[in-house]
Amino acid sequence: MEVKTKQIIDILKEEFPLAKSELIFSSPFELLISVILSAQCTDKRVNQVTKILFKRANTPQAMVSLGKVELEKLIFSCGFYHNKADHILSCSQSLIDNFNSNVPSSLKELLTLSGVGVKTANVVYAVGFGGQAIAVDTHVFRVSNRLGLAQANNVAKTEQQLRQAIDQELWSSSHHLLLLLGRYVCLSRKPKCEICRLSQLCEFAKSQSAINLTTKGNK
């Protein structure tokens, strides 16, 4: 692992010493459903929704029995509720049909579940079963490319480059560190570069500083 990459991760460990998923769950199935709901939605909102949802249905059988109409009512506030309900129900049925209603613990098997994509599978594999994976959501994509850990224009290439840049035993923890940085500091529209301890290592922050200097010089 390159010196710069190690420095970034070490600083993030100091900034977020308790870095972990902020989703609230009590089983791999609850985690799986929570991750599906978290697409383009905050973890805070997901936790509010699942607090009620999981009282009604916290097993694949119960979720399928709930039905689409009732499920959509319960998850409405998470956004994209039609598609998310379809994914949740098809995934639950896949678990019943192929895995004896248990969430599989391997990444390969998770990816066979209907309605489950790479990001969701990576999160469940890492958080639910202690595997090593780098799930690239919007935060991780933005932050890793701004820092220069990746130079990619899509999620798949970003994940591939992060896997090459970061030692494997740090993949899962690095996912949480980068995610939290993006959620609370390296914001999409107004990144807080002035308070970020990584600003001296960040390609984006350096470019912004150069732009500001040029702008001041032209006044």
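Preceding this section is the structure that the text describes.
All figures in this text were calculated on a predicted structure; none of them were measured in a lab. (Residues numbered from 1 in each chain as written. Predicted model: local features only at pLDDT ≥ 70, side-chain atom pairs only at ≥ 80, totals over all residues. Heavy atoms only, no water.)

Novice: Could you give an account of the side chain of T120, with specific residues and numbers?
Specialist: Here T120 lies in helix α8 (residues 118-129). Sequence-distant contacts of T120, that is, excluding residues within four places in its chain, are made with L32, V35 and I36. (Helix = DSSP H or I, 4+ residues; strand = E, 2+ residues; numbered from the N terminus. Contact = heavy atoms within 4.5 Å.)

Novice: Summarise the nonpolar core; cite the residues concerned and give the values.
Specialist: Of all hydrophobic cores here, the largest spans 34 residues; its most connected members are L32, L37, L53, M63 and L71. Breaking this core down by element, the ones donating at least two residues are α2 (28-37), α3 (43-56), α4 (60-66), α5 (68-75), α6 (81-98) and α8. One finds I134, L177, L178 and L201 within the second-largest nonpolar core, a separate group that totals 28 residues. (Core = buried A, V, L, I, M, F, W, Y, C linked by side-chain atoms within 4.5 Å. Buried < 20%, exposed > 50% of the residue type's maximum accessible area, 1.4 Å probe, protein only.)

Novice: Break down the environment of R56 for me, with residues and values.
Specialist: Structurally, R56 is set in helix α3. Each C-alpha atom, one on R56 and one on L74, is 9.6 Å from the other, the two residues being 18 residues apart in sequence. The residues touching R56, leaving out its near neighbours within four places in the chain, are A62, L66, E70 and L74.

Novice: Describe the packing of α5 against α6, naming the residues involved and giving the relevant values.
Specialist: Angle between the axes and distance between the axes: these two values describe a pair of packed helices. Two numbers describe how α5 lies on α6: the axes approach to 9 Å, and their chain directions differ by 125°. Between α5 and α6, the angle is such that the two are oblique. Of the two possible hands of crossing, α5 and α6 adopt the one that is right-handed. Seen from α5, the contacting residues are K68, L71, E72 and I75; seen from α6, they are Y81, H82, K84, A85, D86, I88 and L89. Of the residues assigned to the contact of α5 with α6, the class counts are six nonpolar, one polar and four charged. (Axes fitted to C-alpha atoms, helices over the stretch in contact; angles between N-to-C directions. Parallel < 35°, antiparallel > 145°, perpendicular 65-115°, else oblique. Left-handed = near helix turned anticlockwise from the far one by under 90°. Nonpolar A, V, L, I, M, F, W, Y, C, P; charged D, E, K, R; others polar.)

Novice: Any details on the pattern of salt bridges? Residues and values, ideally.
Specialist: Per the stated rule, a full pass over the model turns up nine salt bridges. E203 serves as the salt-bridge partner of K4, at 3.0 Å between the closest nitrogen and oxygen. Of this pair, K4 sits in helix α1 (residues 3-15) while E203 sits in helix α12 (residues 203-217), and the two are 199 residues apart along the sequence. The partly exposed category is assigned to K4, whose relative accessible area is 24%. (Salt bridge = Lys/Arg side-chain N within 4 Å of Asp/Glu carboxyl O.)

Novice: Tell me what's going on with the state of the cysteines, and back it up with residues and numbers.
Specialist: Per the stated rule, a full pass over the model turns up zero disulfides. Between C41, a cysteine without a disulfide, and C78, which holds the nearest cysteine sulfur, the sulfur-to-sulfur distance is 4.1 Å. Given a relative accessible area of 18%, C41 falls into the buried group. Between C186, a free cysteine, and C202, which holds the nearest cysteine sulfur, the sulfur-to-sulfur gap is 6.1 Å. (Disulfide = S-S within 2.5 Å.)

Novice: Can you break down the side chain of T158 residue by residue, with the values?
Specialist: Along the chain, T158 falls in helix α10 (residues 155-165). Contact partners of T158, with chain neighbours within four places excluded, come to V136, F141, S144, N145, A150 and A152.

Novice: Now, about the packing of aromatic side chains: what can you tell me, with residues and values included?
Specialist: By the definition in use, this model includes one aromatic pair. A centroid spacing of 4.8 Å and a plane angle of 55° characterise the contact between F76 and Y81, whose relative ring orientation is tilted. The exposure class of Y81 is partly exposed, given its relative accessible area of 23%. A cation sits over an aromatic face here: R146 above F204, 4.4 Å from the ring centre. (Phe/Tyr/Trp six-rings, centres within 6.5 Å; stacked < 30°, edge-to-face > 60°. Lys NZ or Arg CZ within 6 Å of the ring centre and 35° of its normal.)

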